[in-house]
Amino acid sequence: MTQRRAILSGSVFEERIGYARAVVDGDWVHVSGTTGFDYADMTISEDVAEQAEQCLRNIGAALEEAGCSFADVVRVRYLLPEREDFEPCWPVLRKCFGEVRPAATMLVCGLADPRMKIEIEVYARRGSGGGSLPLID
């Protein structure tokens, strides 16, 4: 039988809404839509690129706890309320995904909090990457 394990980040949203930052199901890791909040102090930058960097730090921590890295990501979804905010994030996103080349989709949609300018969701398969990529500093 496949092992299923929840990974929690400590975000107040996980507790209030009732979800996990990520779920490990066998070799698959499903990372929830993750925003640019720093969960340690529940702050968020006003800058979309800085939010993208924090999203990736949050995702990287979940992937690491799941036993994988950005190199194992096979699918990524970007959700943004403003289409014009996507391009300023490209250099940040390329740091994690430029060599990995996961399947990707960008959607323009409303997010739960007006301070949120980007949300990122990923799927990874442990052991599918060619190695490990550095986490976002």
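Now for a quick tour of the structure. Bear in mind that the values here come from a model prediction, so they are computed numbers and not experimental data.

### Quick notes on the packing of aromatic side chains
Applying the stated criterion across every chain, the model contains 4 aromatic pairs. An aromatic cluster is present here, built from Tyr78, Phe86 and Trp90 joined pairwise through their rings.

### Some points on the packing of helix 2 (residues 48–66) against helix 3 (residues 90–97)
The contact between helix 2 and helix 3 brings their axes to 8 Å, and the two run at 20°. Relative to helix 3, the element helix 2 lies roughly parallel. Every pair of crossing elements has a handedness; the one defined by helix 2 and helix 3 is right-handed. Along its contact with helix 2, which presents Ala49, Ala52, Glu53 and Leu56, the element helix 3 presents Val92, Leu93, Lys95, Cys96 and Phe97. Residue composition of the contact of helix 2 with helix 3, grouped by class: 7 nonpolar, no polar and 2 charged.

### Thoughts on unusual backbone geometry
One non-glycine residue with positive phi stands out, namely methionine 42, at about 50°. When you line up the elements, methionine 42 lands in the loop between strand 4 (37–38) and strand 5 (43–44). Among the residues examined, methionine 42 registers a relative accessible area of 23% and is labelled partly exposed. In this structure, arginine 101 is a non-glycine residue whose phi angle is positive, near 55°. Locating arginine 101 in the fold gives a position in the loop between helix 3 and strand 7 (103–108).

Rules and cut-offs
- Residues numbered from 1 in each chain as written.
- Predicted model: local features only at pLDDT ≥ 70, side-chain atom pairs only at ≥ 80, totals over all residues.
- Heavy atoms only, no water.
- Phe/Tyr/Trp six-rings, centres within 6.5 Å; stacked < 30°, edge-to-face > 60°.
- Axes fitted to C-alpha atoms, helices over the stretch in contact; angles between N-to-C directions.
- Helix = DSSP H or I, 4+ residues; strand = E, 2+ residues; numbered from the N terminus.
- Parallel < 35°, antiparallel > 145°, perpendicular 65-115°, else oblique.
- Left-handed = near helix turned anticlockwise from the far one by under 90°.
- Contact = heavy atoms within 4.5 Å.
- Nonpolar A, V, L, I, M, F, W, Y, C, P; charged D, E, K, R; others polar.
- Buried < 20%, exposed > 50% of the residue type's maximum accessible area, 1.4 Å probe, protein only.

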